[in-house]
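A closer look at the structure
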Amino acid sequence: MRVTEGGVELEVPGEQTAGVEESVFYNPRQELNRDLTIATLRAFRERENRAESYLDAMTASGIRGVRAADDGWRVTCCDIEEDAVDLAQANLERNGLENGSRVEHRNVNALMHEAKFDVIDLDPYGTPMPFADAAFARCRDLVCVTATDTAPLCGAHFNSGVRSYSAVPRNTDYHTEMGVRILLSALARSAARFDVGVEPIFTHATSHYVRTYLELDRKATAADAALEELGHLSHCEDCLHREAEYGMTANPLESCPNCGSERILVAGPIWLGPYRDREFTAEIREQIPDAFGTAETARELCETLEAELDAPTYYDQHKLCKSWGLPANAMDEFLADLRDAGYEASFTHYGGTTFKSNASVAEIFEATEANLE
Ligand SMILES: [Zn+2]
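Remember, predicted model here, so these are calculated numbers, not experimental data.

The next point concerns the coordination of the zinc ion. Around the zinc ion, the protein contributes the donor atoms Cys-236 (SG), Cys-239 (SG), Cys-256 (SG) and Cys-259 (SG), at 2.3 Å from the metal centre. Here the zinc ion is ringed by 4 donor atoms whose angles at the metal span 103 to 113°, and the overall shape comes out tetrahedral. A relative accessible area of 11% means that Cys-239 is categorised as buried. Given a relative accessible area of 4%, Cys-256 falls into the buried group.

Set out below in structure tokens:
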């Protein structure tokens, strides 16, 4: 089957399933992720103009690498599967990009230890952690990571999450953000082993995947600074009160200061700092052309992320209202009540009923209760 995306054309082996052509080498659901990758690479090159080499570490059909090559990057596509290597090579050639770029049939961890890249992009099947150390060991500027194992990341598959991320994830009403912060914590600790500090300059997540872009600073002091963004979270299962505390040692709540419950979940170490640079996110938005298939969605996502508060966990209005036994009202009205009471409040990119605020659960209740009926 033939696929056109972002101005490049690819041939991928398709399978007819229930009337729909599908390919294990090409996932159309990831088009938004890839459009944002190209826009982010453009914005990043404006900031760091020495950046020119890009490794598509698990290339499959080659789609991401071919699009980056078409955008002027010196690309290496790598895959351990021979079928993927042949396909990626054919797709580079189909677009006339085989001279500046190449395809490697390698174990990508070995390749990353041998060759230097300005940008490394990890998009593996399952957890990216088996590739993180090699990526941070020598990459110069930017490591991009997609993680699709959201059930382990958010604590729904608890033991798997603990094993993969050397942290305790907890399944809460903000599970998608739990996944983001567990992933960033593990990546920051991986980079720190090589005296590398990470700054997440752009991150977005759905229930299907987490995507993050980490700008590197190859200094021990920068690694220390990144580790200072880690901490632990205490969460009350009864009233949804939560508190975060910075530090590598856990000092969890014994009982809930709001409702007195002792059903406290503790998660960590998680990343508590910001996960996107507001200005850089605006720069990415400006690099999304109308021609991208997901242009409108991608720009909206950037706008939401630009306005999103940095509070470490989002609330879900429906879940709060359910726990109070009250009906939910319109989100605009609900957030206006919070702002009128003097709190900060923003929508989040995690879903239409989610919001962030510097108010606690008790303060949110007090500020909004009168209009919930
Ligand atoms: Zn409580």
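All right, on to the packing of helix H10 (residues 278-286) against helix H11 (residues 295-307) then. Contact geometry of H10 with H11 gives a least axis separation of 9 Å together with a crossing angle of 165°. In this view, H10 runs roughly antiparallel relative to H11, as classed from their interaxial angle. The handedness of the crossing between H10 and H11 is left-handed. When H10 is examined against H11, the residues Arg-278, Thr-281, Ala-282, Ile-284 and Arg-285 are found in contact with a partner set consisting of Arg-299, Cys-302, Glu-303, Leu-305, Glu-306 and Ala-307.

A word on the sheet that holds strand E9 (residues 142-147). The strand order across the open sheet formed by 7 strands is E7-E6-E5-E8-E9-E11-E10, and the pairing between neighbours is mixed. The open sheet has two edge strands with one neighbour each: strand E7 (102-105) and strand E10 (197-205). In this sheet, neighbouring strand axes are inclined to one another by 15° on average, regardless of whether the strands run parallel or antiparallel. Bridging between strand E5 (residues 53-56) and strand E8 (residues 119-122) involves 3 bridges; their strand directions are parallel. The residue of E8 that forms the bridge with Asp-56 is Asp-121. Helix H5 (residues 129-138) rests against E8, E9, E10 and strand E11 (210-217) of the sheet, and its axis sits at about 175° to E8.

What follows deals with the sheet that holds strand E17 (residues 354-357). Pairing in this open sheet of 3 strands is antiparallel, and the strands run E15-E17-E16 from one edge to the other. The open sheet has two edge strands, strand E15 (315-316) and strand E16 (345-347), and neither has a second partner. Pairing geometry for E16 and E17, over 3 bridges, is antiparallel. Within E17, the residue paired with Ser-346 across the bridge is Lys-356.

Two faces belong to every sheet, and in a regular strand the side chains alternate between them. Judged by which residues are buried, strand E2 (residues 8-11) turns out to be one-sided: Val-8 and Leu-10 face inward and are buried, whereas Glu-9 and Glu-11, on the alternate face, are not. The antiparallel pairing of strand E1 (residues 2-5) with E2 creates a hairpin that spans 2 residues between the two strands, and Gly-6 there sits at a positive phi of about 60°.

Using a probe with the size of a water molecule, rolled over the atoms, empty space left in the structure can be pinpointed. Inspection of every chain in the model, using the stated rule, returns 1 cavity of 30 Å³ or more. Approximately 30 Å³ is the volume attributed to the largest cavity. As for the largest cavity, its lining consists of Arg-181, Pro-274, Tyr-275, Arg-276, Glu-308, Leu-309, Asp-310, Ala-311 and Lys-356. Residues of the lining of the largest cavity, tallied by class, amount to 4 nonpolar, no polar and 5 charged.

The next subject is the packing of helix H1 (residues 31-47) against H10. Across the interface, H1 lies against H10 with an axial gap of 8 Å and an inter-helix angle of 115°. Helix-helix and strand crossings are classified by hand; for H1 and H10 the assignment is right-handed. Residue-level inspection shows Leu-36, Ala-39, Thr-40, Ala-43, Phe-44 and Arg-47 of H1 in contact with H10, the latter providing Phe-280, Glu-283 and Ile-284. Taken together, the residues of the contact of H1 with H10 break down into 6 nonpolar, 1 polar and 2 charged.

With that settled, consider the layout of surface pockets. In this structure, the largest pocket occupies an estimated 910 Å³ of space. Looking at the largest pocket, it is lined by 34 residues, and the ones nearest its centre are Val-24, Ala-60, Asp-123, Pro-124 and Tyr-125. Those elements giving two or more residues to the lining of the largest pocket turn out to be H1, helix H2 (63-70), strand E6 (74-79), helix H3 (82-94) and helix H4 (108-114). Classifying every residue of the lining of the largest pocket by side-chain character gives 16 nonpolar, 9 polar and 9 charged.

On to the environment of Gly-161. Here Gly-161 lies in helix H7 (residues 158-165). For the pair formed by Gly-161 and Leu-183, sequence separation is 22 residues and the distance between their alpha carbons is 9.7 Å. Residue contacts for Gly-161: discarding those within four places in its chain leaves Pro-152, Ser-166, Ala-167 and Pro-169.

So, how was this worked out
- Residues numbered from 1 in each chain as written.
- Predicted model: local features only at pLDDT ≥ 70, side-chain atom pairs only at ≥ 80, totals over all residues.
- Heavy atoms only, no water.
- Donors = N, O, S within 2.8 Å, 3.2 Å for Na, K, Ca; no water.
- Tetrahedral: all angles 85-135°; square planar, octahedral: opposite > 155°, others 65-115°.
- Buried < 20%, exposed > 50% of the residue type's maximum accessible area, 1.4 Å probe, protein only.
- Axes fitted to C-alpha atoms, helices over the stretch in contact; angles between N-to-C directions.
- Helix = DSSP H or I, 4+ residues; strand = E, 2+ residues; numbered from the N terminus.
- Parallel < 35°, antiparallel > 145°, perpendicular 65-115°, else oblique.
- Left-handed = near helix turned anticlockwise from the far one by under 90°.
- Contact = heavy atoms within 4.5 Å.
- Pairing = 2+ DSSP bridges.
- 1 Å grid on protein atoms, 1.4 Å probe; cavity = no way out; pocket = protein on both sides within 12 Å on 5 of 7 lines; lining within 4 Å.
- Points joined across faces, edges and corners; volume = space filled by probe spheres on them.
- Nonpolar A, V, L, I, M, F, W, Y, C, P; charged D, E, K, R; others polar.

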